[in-house]
Amino acid sequence: MIELNKKEFKENIIEYLKLFYRKNIDEATNQQLFHAIAYSLKNTIIEQWMATHKTYEEKDVKTVYYLSMEFLMGRALGNNIINLKAEKVVREVLDELGIDLEDIEEEETDPALGNGGLGRLAACFLDSLSTLGYPAYGCGIRYKYGMFKQKIIDGYQVEVPDYWLEEGYPFEIKRPEYAKEVKFGGYVRMIRDEQGRDRFIQENYQSVKAVPYDIPIVGYGNNIVNTLRIWDAEAINTFNLESFDKGDYQKAVEQENLARIICEVLYPNDNHYAGKELRLKQQYFFVSASIQRAVSKYMEKHNNIKNLPEKVCFQLNDTHPTVAAAELMRILLDEYCLSWEEAWEITNKTCAYTNHTIMSEALEKWPIDLFSRLLPRIYQIVEEINRRFVMDIKKRYPGNESKIEKMAILYQGQVRMANLAIVASFSVNGVARLHTEILKNQELKDFYEMYPERFNNKTNGITQRRFLLHGNPLLADWVTKKIGDQWIVNLPHIDKLTAFSEDPISLREFMDIKYHNKKRLAKYIKEHNQIDIDTNSIFDIQVKRLHEYKRQLLNILHVMYLYNQLKKNPNMEFYPRTFIFGAKASAGYERAKSIIKLINSVGAVINEDTSIGNKIKVVFIENYRVSNGELLFAAADVSEQISTASKEASGTGNMKFMLNGAITIGTMDGANVEIVEEVGLENAFIFGLSSDEVINYEKNGGYNPQDIYHNDLGIKEVLDQLINGFYTPEKPNLFKNIYDSLLYSNGYEKADPYFILKDFRTYEAAQKRVAEAYLDKERWAKSALLNTAKCGKFSSDRTIEEYVQDIWHLEKIEPK
Ligand code: 26W
């Protein structure tokens with residue numbers, strides 16, 4: 001075991017401050033201290049990192065490469081301290097130096113190289129892979145600007161660039177020795193080589209140099225450190241000043257520009273495909289570099305490329321890295337001179353695909369002209385994959401044109417990436433049981449019929465190390481005191497808490513901790529929003545990306561409804577409630593931005609209205625991200641998981657809340673179904689249409705929300721407030737777009753496509769049950785505690801074990 005040495009750690013901090021900043025401890029800023037502490041910690045991490053890779057080499061292990069456009073890592077310092085089990089030593093040293101660890105942690109900007117669920121899942125998976133001792137690389141892009149920072153100005157979202165590297169990132173190391181060239185554009189020429197074989201040469205292309213930066217992923221207390229490798233682009237040619245050749249000069253400038261823009265910025269779209277050429281460049285850029293490197297690494301130790309699948313697996317995180325399959329084919333065909341059949345067999349045994357959404361607007365479909373211009377050789381390969389696949393379809397379904405229409409990879413001028421991913425992979429998985437069933441029976445029905453053996457489910461999970469041990473230290477300590485610390489590496493152990501669910505003292509302790517966490521959040525809200533909230537009120541929280549299908553609108557319409565009720569009847573029975581929202585909207589998603597403005601406008605009116613005696617507060621948390629997420633999960637009484645059934649593939653926020661003892665109000669969607677199965681219907685508040693009902697309505701052209709509007713006065717009153725200036729008298733028309741979307745269809749969309757009015761009354765009834773349930777404090781405490789106790793299934797450790805068993809087949813490395 002390589003451990004953090006107290007004496008060295010302390011000396012290093014002092015040393016680094018001098019070396020980097022010419023400062024003594026008492027002169028250094030917190031930011032400088034953060035860097036010195038991070039570097040000192042990195043010393044130990046590096047030792048473990050090198051030892052891990054030595055073991056991997058010696059054992060010649062199989063490795064999974066998790067290819068993902070996004071890794072939403074969140075802050076590293078606190079997490080690394082925890083996983084190194086160094087908290088005690090670090091705190092002792094910092095105490096001696098008069099430094100507060102929490103203040104230093106606040107200095108780290110979240111590396112936010114992801115949008116939401118898919119990116120955070122990738123980060124949780126890396127934590128679990130290291131903790132379980134499986135050889136793995138995360139492969140991604142070193143965006144210069146990550147997810148934008150959100151400012152709320154006058155109730156509107158304003159996007160501010162997130163230049164996360166401004167102060168330098170202490171945990172990364174540049175590895176120029178592993179750089180790879182990535183080629184774009186030009187044309188393909190076929191030549192016949194000396195052996196009489198056809199060879200394909202890309203000519204007149206532009207290229208960039210992909211340079212990797214490695215970030216250590218520390219396993220929990222096991223000496224194992226894996227790698228997140230993010231690629232940066234550099235120009236390949238420096239200007240040749242002697243050359244006056246116009247073509248060369250032009251090309252050099254273009255290549256410089258290409259390198260500069262490729263890694264500039266993360267696309268802030270979640271579940272919405274925009275078809276931007278630069279995004280395809282980003283995809284091919286990091287995929288080509290990662291695959292080239294994986295193949296060279298393999299060939300450094302082995303002499304037969306045909307056995308690649310024994311040592312390497314590429315997991316495609318959604319369709320975004322799907323060009324990986326064609327890139328691997330290119331390398332096998334053009335560089336290793338394999339036959340098509342040989343290359344295809346290897347590719348098909350090496351690639352596996354995870355689907356994360358059924359939203360049709362998220363499907364990636366590239367125009368063929370763009371795709372073939374940018375990636376001419378890759379396009380040829382995709383054409384041949386498609387030609388052979390269409391032959392297979394015809395053989396299996398003679399004369400059935402509709403199968404080709406639905407399944408072909410190239411169709412009507414487009415490259416359909418999901419179809420390519422399925423055809424090229426040996427495994428296709430969804431991310432929750434319901435989601436996988438919908439894939440098999442609806443969205444991907446035809447593919448399931450053709451390749452049933454490829455389809456499997458892997459219900460998502462989260463890492464309890466970040467979302468309980470780090471994010472909620474009070475509860476973590478309490479759990480450990482009650483049942484021991486096994487839950488940290490084996491979450492199902494947490495079920496032992498069930499034994500305390502009838503014990504009044506334990507329940508009191510549990511709720512006391514919740515109360516402390518609510519105070520912690522209230523302090524944050526006071527500082528950031530200048531709003532006083534009642535820590536005895538029910539904290540009802542919805543934090544996630546803003547999307548119509550997630551239905552933040554249903555939540556705020558219900559708040560508006562409650563407010564109307566209270567205004568009419570100020571003395572009605574009403575338990576105080578704090579509704580907390582946090583969400584970023586994609587910059588170009590107008591309706592989502594309107595919903596943010598609506599939430600803030602409603603809040604501005606209600607929070608100031610003394611006539612309702614502070615019974616309702618509405619808070620919008622600016623710039624929701626991993627770090628403030630940890631505070632929110634810990635403080636929640638109620639977890640809002642209210643997507644239109646069938647639309648949320650899994651959800652993982654739902655699991656983070658559950659782990660922290662919040663009770664779910666939700667639809668039977670995504671992983672909510674499995675959450676309810678674990679915790680019991682009596683410990684959740686379930687409402688709304690089922691996924692089957694939603695799918696049926698959709699097949700039959702939707703439903704008519706006008707009936708509801710005209711027959712339900714409570715709903716009508718709320719909707720009318722969207723257009724009569726009730727919340728924004730100076731701009732009464734501000735929310736007309738929202739009003740219209742709920743009541744009228746337009747050229748693209750049906751009226752109320754997410755069934756908000758349809759589900760309104762059942763939601764309202766479920767919220768009533770919440771309010772009633774909260775009155776029985778002990779009953780509530782029991783339910784809350786059972787949520788924590790029954791969330792053993794939702795650890796990403798379990799998810800990763802399933803991936804390993806069914807898909808990756810990795811060998812576990814035991815700690816030394
Ligand atoms: C091409 C634009 C684009 C960008 C991101 C399309 C799709 C995405 C992601 C797949 C969206 C996403 O993050 N999906 C979420 O994945 C989580 C992890 O599996 C699930 O828990 C969420 O339900 C799902 O919305």
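Just above, that's the structure.
As the structure is a prediction and not an experimental result, all values here were calculated from the model.

A. Structural view of the pattern of salt bridges. The full count for this structure, using the stated rule, is 68 salt bridges. With its nearest N and O atoms 2.8 Å apart, the salt bridge here joins Lys6 to Glu96. Taken together, the residues span a long stretch of sequence, with Lys6 in helix α1 (residues 6-21) and Glu96 in helix α4 (residues 87-96) at a distance of 90 residues. For Lys6, a relative accessible area of 31% corresponds to the partly exposed category. Ionic pairing is found between Asp806 and Lys458, a salt bridge with its closest N-O pair at 2.8 Å. Remark: Lys458 occurs in the loop between β17 (455-457) and α18 (464-470) and Asp806 occurs in helix α32 (residues 796-808); sequence separation between them is 348 residues.

B. Expanded view of the site of the ligand. Around the ligand sit 22 residues in total, of which His356, Asn460, Glu648, Ser650 and Gly651 are the nearest. Between the ligand and Leu118 there is a distance of 3.0 Å, counted from an oxygen atom to a backbone nitrogen or oxygen. A distance of 3.3 Å separates an oxygen atom of the ligand from a polar atom in the backbone of Ala649. Coverage of the ligand by the protein chains reaches 97% of its 570 Å² of free accessible surface. Of all the elements, helix α6 (residues 117-132) adds the most residues to the shell around the ligand, at 3 residues. The residue inventory of the shell around the ligand, partitioned by class, reads 7 nonpolar, 10 polar and 5 charged. When residues of the shell around the ligand are assigned to domains, at least three map to each of domain 2 (60-75 + 110-460 + 801-808) and domain 3 (471-692 + 747-794).

C. Quick look at helix α2 (residues 30-59). Taking 1.5 Å per residue as the helical rise, α2 with its 30 residues ought to reach 44 Å, and the 43 Å between its terminal C-alpha atoms agrees with that figure. Bending of α2 peaks at approximately 30° at the position of Asn43. Count one or two residues on from α2 and you reach Asp60, which has phi positive near 50°.

D. Summary view of the sheet that holds strand β22 (residues 663-666). Taken together, the 6 strands give an open sheet; going across it, the order is β20-β19-β18-β21-β22-β23, and neighbouring strands pair in parallel fashion. Of all strands in the sheet, those with a lone pairing partner are β20 (616-620) and β23 (685-686), marking the two edges. Two elements, strand β18 (residues 538-543) and strand β21 (residues 638-641), share 2 bridges in a ladder whose sense is parallel. Bridging across to β21, Ile541 finds its partner in Ser639. Its contacts with the sheet place helix α31 (residues 777-789) against β21, β22 and β23, and it is angled at close to 90° to β22.

E. Spatial organisation of the side chain of Lys403. The topology assignment puts Lys403 in helix α14 (residues 401-407). Side-chain polar atoms of Lys403 contact the side chain of Glu449, separated by 3.3 Å. The contacts of Lys403, once residues within four sequence positions are left out, are Ile393, Tyr397, Ala408, Asp446 and Glu449.

F. Summary view of the sheet that holds strand β14 (residues 410-411). Overall, antiparallel pairing links the 3 strands, which are arranged β13-β15-β14 in an open sheet. The open sheet has two free edges, formed respectively by β13 (365-367) and β14, since each of these has just one partner strand. One ladder, built from 2 bridges, connects β14 with strand β15 (residues 414-416); its direction is antiparallel. The residue bridging Leu410 from the neighbouring strand is Val415, located in β15.

About the criteria used
Residues numbered from 1 in each chain as written. Predicted model: local features only at pLDDT ≥ 70, side-chain atom pairs only at ≥ 80, totals over all residues. Heavy atoms only, no water. Salt bridge = Lys/Arg side-chain N within 4 Å of Asp/Glu carboxyl O. Helix = DSSP H or I, 4+ residues; strand = E, 2+ residues; numbered from the N terminus. Buried < 20%, exposed > 50% of the residue type's maximum accessible area, 1.4 Å probe, protein only. Near = heavy atom within 4 Å. Polar contact = N/O pair within 3.5 Å; in protein donor to acceptor, adjacent residues only side chain to side chain. Areas by Shrake-Rupley, 256 points an atom, 1.4 Å probe, with all protein chains shown as cover. Nonpolar A, V, L, I, M, F, W, Y, C, P; charged D, E, K, R; others polar. Domains from an automatic or database assignment. Expected span 1.5 Å × (residues − 1). Bend = angle between axes of the 7 residues up to and from the residue. Pairing = 2+ DSSP bridges. Contact = heavy atoms within 4.5 Å. Axes fitted to C-alpha atoms, helices over the stretch in contact; angles between N-to-C directions.

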